[in-house]
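# Coordinate inspection notes
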Amino acid sequence: MLDRRSFLGSAAAMSAVTPVSAQALAPISLTSVPLPAASLRDTNPDAYWKALRAQFLIPDDVVNLNVGTVGSSPRPVLKAIFDGFETTEQMTQAGSEEYPIWGYGSWDQYRKPFADFMGAKVEQMAILRNCTEANSYVANGFDMKVGDEVLISDEEHGSGEMPWMLRSRRYGVVVKTFAMPKPPRDAAEILNRINDAITPKTRIIFVSHISTSTGVILPAKQIAALARSKGIISAFDGAHAPGMIKVDLNDIGCDLYTGSMHKWLFATKGTGFLYLRDKSVMDRVWNTVATGGYDDPTRMADRYMQIGSSCIPTLMGLNAAIDFANAIGMDRIEARNRMLTDYIHAEMTKRGAESWTSPDPALRGAIATVNVPGVQRMELQDWLWTNHKVRIRGGNPSKLRLATPYFLSKADIDRFLSLFDDYRKMKGIS
Ligand SMILES: Cc1ncc(COP(=O)(O)O)c(C=O)c1O
């Protein structure tokens, strides 16, 4: 390893002989690889998906079954980000008041394509920096009295639950939790649990659209209708939804919806969003982060974007990610995501794993979750990654979460399954 002095010395020596040019700095991701022909999608889908895999920098020998934590941006998205830095950093923007700073404007050129992608209008959509930030807006936003209740599920991510726990500790709001069935047989089972947990003090129902721990897709439209029928605000954490399944926010009819674009949509890290149904909801939601413009009601959702400086090339990458998904087609992406999950789920249950994934296809998407008593989840996870370049995630002691993005093949999944069999044999797990 080089110490600091020799590192600086070698860097100086290098720059003495090698002029630094954009070419020399060009990272591998700037090498563009043509997208497979659209005609292949129907004539030879296997060849189409195989060719699409080359858009991702993930090495060929790596099997990534954990897009649930964070996605990997494909080449066109990276190119848009890098080009974005190269152009914006020249500081040659047209207007004398124009700078590469998101956070002091409405940025409709980035909000509108994303709002369209999610079945919303631009004025309903605020782009923020991640889902945690958006969830914090929800938890901090409403005026609530000591003893007022928020109802959440027992499967919320820390980034959904903790903003409420913070508010609870600081201001006395009560966080009530209902247990999700594991697995839910159908939508009614989930709706009944929510209905039974509602009290006269329930002000907000805050649940994931797609559970981070089990991958179950909650019946968002029915939950929103149930909440509305009782005068309760409905808010969804949709961190996993954009890019995994087709989402139509205005059809869901919820009051608030948050999410991440860096997971299944493969957009830039540092992108999240907050959707607010209409002005009557916005009038009740205080900003959590604020700079000038935060209190201008005529701005609609963009007033929640008045957050100080942030990163414009990030938004350029977001637009490229939307174009990339649209070029493939969200219907095709969703169908392939689901097909791969159905496959891995069926194979794992054949092997005797206990399923936490719903048997109702409407309640599952691209994450299968199984419990395998006897397996040490962290040991298996480490062994798969360190020895075999296969990434999975799960929960202790023995829950495995298997996320299947469209760029995987059945052969990738078979590789995981065969390693899982080896591990079970090695450990004597039946
Ligand atoms: C359901 C859910 N909500 C929120 C988050 C946090 O998302 P972000 O990293 O965009 O803040 C995650 C991340 O895994 C998640 O699964």
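The structure we're discussing is the one just above.
Remember, predicted model here, so these are calculated numbers, not experimental data.

Attention shifts here to the pattern of salt bridges. A full pass over the atoms with the stated rule returns 24 salt bridges. The shortest N-O distance in the salt bridge between Asp255 and Arg277 comes to 2.8 Å. Of this pair, Asp255 sits in the loop between helix H11 (249–252) and strand E8 (256–260) while Arg277 is found in the loop between strand E9 (272–276) and helix H12 (279–282), placing the two residues 22 residues apart along the sequence. You can call Asp255 buried: its relative accessible area is 5%.

One can describe the packing of helix H9 (residues 187–197) onto helix H10 (residues 220–229) by two numbers: an axis separation of 10 Å at closest approach and a directional angle of 30°. With respect to H10, the axis of H9 lies roughly parallel. Remark: the crossing between H9 and H10 carries right-handed chirality. Each of Ala187, Leu191, Ile194 and Asn195 in H9 lies in contact with H10, whose residues at this interface are Gln222, Ile223 and Leu226.

The mixed open sheet is built from 7 strands, whose spatial order is E3-E9-E8-E7-E6-E4-E5. Because the sheet does not close on itself, it has two edges, and the strands there are strand E3 (125–128) and strand E5 (174–178). The sheet shows a mean angle of 20° between the axes of neighbouring strands, direction not considered. As paired strands, E3 and E9 are joined by 4 bridges and run antiparallel to one another. The partner of Leu128 across the bridge, within E9, is Gly272.

So, on to the site of the ligand. Taken together, the neighbourhood of the ligand is formed by 13 residues, with Thr132, Asp237, His240, Ser260 and Lys263 sitting nearest. A distance of 3.5 Å separates an oxygen atom of the ligand from a polar atom in the side chain of Asn130. Between the ligand and Thr212, the relevant distance is 3.0 Å, taken from an oxygen atom to a side-chain nitrogen or oxygen of the residue. Within the complex, 89% of the 400 Å² of free accessible area of the ligand lies under protein.

What counts, and where the lines are drawn
Residues numbered from 1 in each chain as written. Predicted model: local features only at pLDDT ≥ 70, side-chain atom pairs only at ≥ 80, totals over all residues. Heavy atoms only, no water. Salt bridge = Lys/Arg side-chain N within 4 Å of Asp/Glu carboxyl O. Helix = DSSP H or I, 4+ residues; strand = E, 2+ residues; numbered from the N terminus. Buried < 20%, exposed > 50% of the residue type's maximum accessible area, 1.4 Å probe, protein only. Axes fitted to C-alpha atoms, helices over the stretch in contact; angles between N-to-C directions. Parallel < 35°, antiparallel > 145°, perpendicular 65-115°, else oblique. Left-handed = near helix turned anticlockwise from the far one by under 90°. Contact = heavy atoms within 4.5 Å. Pairing = 2+ DSSP bridges. Near = heavy atom within 4 Å. Polar contact = N/O pair within 3.5 Å; in protein donor to acceptor, adjacent residues only side chain to side chain. Areas by Shrake-Rupley, 256 points an atom, 1.4 Å probe, with all protein chains shown as cover.

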